[in-house]
Amino acid sequence: MIPPRFEYHAPKTVGEAVALLGQLGSDAKLLAGGHSLLPMMKLRFAAPEHLIDINRIPELKGIREEGGTVVIGAMTVENELINSPVLQAKVPLLCEAAKLIADPQVRNRGTIGGDIAHGDPGNDHPALSIVIDASFVLEGPNGRRTVAADGFFLGTYMTQLEENEVMCEIRVPALAAGTGYAYEKLKRKTGDWATAGCAVVIRKSGDQVSHVRVALTNVAPAALRVEAAEAALLNKPFNAANVQAAVDAAIAACDPAEDLRGDIEYKTAMAGEMVKRALNKAWSRCA
Ligand SMILES: Cc1cc2nc3c(=O)[nH]c(=O)nc-3n(C[C@H](O)[C@H](O)[C@H](O)COP(=O)(O)OP(=O)(O)OC[C@H]3O[C@@H](n4cnc5c(N)ncnc54)[C@H](O)[C@@H]3O)c2cc1C
């Protein structure tokens, strides 16, 4: 319950935050919503000597449209995602799925950027960001770079984010008209992390699948895009046999950790079930 002592910093710009990260090095941590970092500090799993609070940086907040792209500030909290008319119209998967993350109080503090940057395989935004083809804008001492969500998640608590970088924006192409989407999350109770989860985005052309993305939550060291499951469906009819082939491919890709949510066999089977449900739900929403 008692976190270790630390120095507190509250920069007003991303530039100042990046400079502090450079100055303080690995003794410093960015503080966003604090709903993963502070719990870890209270249990003394993390003991940074400096916290750089990025809550007072206006440029990290808000949701806006730039042409066909929705730009979400990294410090946007989950409840803002749920209530955003722009996201409801352009990327409704995020609004729907954010309701499955944590609980109302946590969703008033926890940010989309923090959820992604944390690199926890149990978090929901990593798989979601992969299926919506999101990219992340990261600012470091040499300026900004943009990296795709697909490939960003390297392992448990490991991402492409460098120690001296701040995630500034999450950029998401608006879902094309008629796109089907779903996030199926098996959990023990409301507010718990997934035992297994599956995010799907799919488009149809007649009875054929013309675009599909499948990504899994909490059944591997990091969020996992399953390209073999996508290949089982792409440019093919959406039927039970092809869905089963996608499910089998997803099951083959799983590498879950055994814990109180279940053993490897159970989690893998549940991942398959979530894939099946998510595919069927997403397909039923295609137009
Ligand atoms: C009871 C409870 C239940 C929860 N259930 C779920 C759940 O079901 N699904 C889920 O996805 N999450 C869940 N969470 C986690 C929650 O969504 C966290 O808020 C989230 O994981 C981290 O976001 P944050 O803004 O709180 O980040 P913080 O805790 O402040 O930071 C997390 C990490 O990310 C880094 N970081 C944060 N922002 C940036 C940035 N902009 N640039 C670079 N690095 C950054 C920090 O330095 C830190 O290392 C739960 C949390 C609680 C307490």
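Residues numbered from 1 in each chain as written. Predicted model: local features only at pLDDT ≥ 70, side-chain atom pairs only at ≥ 80, totals over all residues. Heavy atoms only, no water.

## Focus: the sheet that holds strand E6 (residues 135-140)
Just so we agree on the cut-off: A pair of strands counts as paired when DSSP detects no fewer than two bridges linking them. Secondary structure counts use DSSP, requiring at least four H or I residues in a row for a helix and at least two E residues in a row for a strand, with both numbered from the N terminus. In this description, a line fitted to the C-alpha atoms serves as the axis of each element, helices being fitted only across the stretch in contact, and the angle between N-to-C directions of two axes falls anywhere from 0 to 180 degrees. Should any heavy atoms of two residues lie within 4.5 Å, those residues are considered in contact.
Taken in spatial order, the five strands of this open sheet run E4-E5-E10-E6-E7, and their pairing is antiparallel. Only two strands of the sheet have a single partner each, and these edge strands are strand E4 (63-66) and strand E7 (143-148). On average, each strand axis in the sheet is inclined to that of its neighbour by 25°, with strand direction left out of account. With four bridges connecting them, E4 and strand E5 (residues 69-73) associate as antiparallel partners. Pairing of Glu65 across the sheet is with Val70, part of E5. The strands that helix H1 (residues 14-24) touches are E6 and strand E10 (166-173); relative to E10, the one it contacts most, it runs at about 130°.

## A word on the packing of aromatic side chains
To be explicit about the condition: Aromatic rings from Phe, Tyr and Trp, with only the six-membered ring used for Trp, were paired whenever their centres fell within 6.5 Å, and each pair was classed as stacked if the ring planes differed by under 30 degrees, edge-to-face if by over 60, and tilted otherwise. Remark: exposure states derive from per-residue accessible area (1.4 Å probe, protein chains only) relative to the maximum for the residue type, with buried under 20%, exposed over 50%, and partly exposed in between. Either the NZ atom of lysine or the CZ atom of arginine qualifies as a charge over a ring when it sits within 6 Å of the ring centre and within 35 degrees of the ring normal.
Applying the stated criterion across every chain yields a total of four aromatic pairs. Taken together, a centroid distance of 6.3 Å and an interplanar angle of 75° make the contact between Phe136 and Phe153 edge-to-face. Taken as a pair, Phe136 in strand E6 and Phe153 in strand E8 (residues 153-155) lie far apart in primary sequence, 17 residues in all. We note that Phe136, like Phe153, is buried. Residues Phe152 and Phe153 carry aromatic rings whose centres are separated by 5.1 Å and whose planes lie at 85° to one another, so their mutual orientation is edge-to-face. Each of the two residues, Phe152 as well as Phe153, counts as buried. Looking at Lys204, its charged tip hangs above the ring of Trp283, at a distance of 4.9 Å from the centre.

## A short note on the side chain of Thr76
So the rule is basically this: In the analysis that follows, any N or O atom pair within 3.5 Å is treated as a polar contact, provided that within protein one partner can donate a hydrogen and the other can accept it, and provided that, for residues neighboring in sequence, both atoms belong to side chains.
One can find Thr76 in the loop between E5 and helix H3 (78-83). Thr76 gets classed as buried once you look at its relative accessible area, which sits at 1%. Within the structure, Thr76 has its side chain in polar contact with the backbone oxygen of Gly73 (distance 2.7 Å). Ignoring sequence-local partners within four residues, the contact set of Thr76 consists of Leu60, Lys61, Gly62, Ile63, Leu81, Gly110, Thr111 and Ile112.

## Here we look at the side chain of Glu169
Residue position: Glu169 is located in strand E10. Within the structure, Glu169 has its side chain in polar contact with the side chain of Arg64 (distance 3.2 Å). When sequence neighbours within four positions are dropped, the list of residues in contact with Glu169 reads Arg64, Val71, Ile72, Ala74, Ser135, Phe136, Val137 and Arg144.

## Things to note about helix H11 (residues 264-284)
Put simply, the rule reads: Helix span, as expected, comes to 1.5 Å for every residue beyond the first. In this context, the arc is that of the directions from the helix axis out to the C-beta atoms.
When the terminal C-alpha atoms of H11 are compared, their 30 Å separation across 21 residues agrees well with the 30 Å that a helix rising 1.5 Å per residue should span. The set of residues buried in H11 consists of Lys267, Thr268, Ala271, Gly272, Met274, Val275, Ala278, Leu279, Ala282 and Trp283. Burial along H11 is one-sided: seen end-on, the buried residues are contained in an arc of 165°. Set apart from the buried face of H11 by more than 90 degrees, the exposed residues are Glu265 and Ser284.

## Some words on the site of the ligand
Applicable threshold: By convention in these notes, a residue is near a molecule or strand provided one of its non-hydrogen atoms lies within 4 Å of it. Each accessible area is a Shrake-Rupley result for a 1.4 Å probe, and residues are judged covered by the shown protein chains and nothing else. Ten residue types, Ala, Val, Leu, Ile, Met, Phe, Trp, Tyr, Cys and Pro, are classed as nonpolar, four, Asp, Glu, Lys and Arg, as charged, and the remainder, Gly among them, as polar.
The environment of the ligand is formed by 30 residues, the closest being Leu30, Ser36, Thr111, Asp115 and Asp124. A distance of 2.6 Å separates an oxygen atom of the ligand from a polar atom in the backbone of Leu30. Within the backbone of Leu37, a nitrogen or oxygen atom sits 2.7 Å from an oxygen atom of the ligand. A total of 970 Å² of accessible area belongs to the ligand in isolation, and the protein chains cover 92% of it. For the shell around the ligand, the secondary structure elements donating two or more residues are strand E2 (28-31), helix H7 (112-117) and E10. When grouped by side-chain class, the residues that make up the shell around the ligand number 14 nonpolar, ten polar and six charged.

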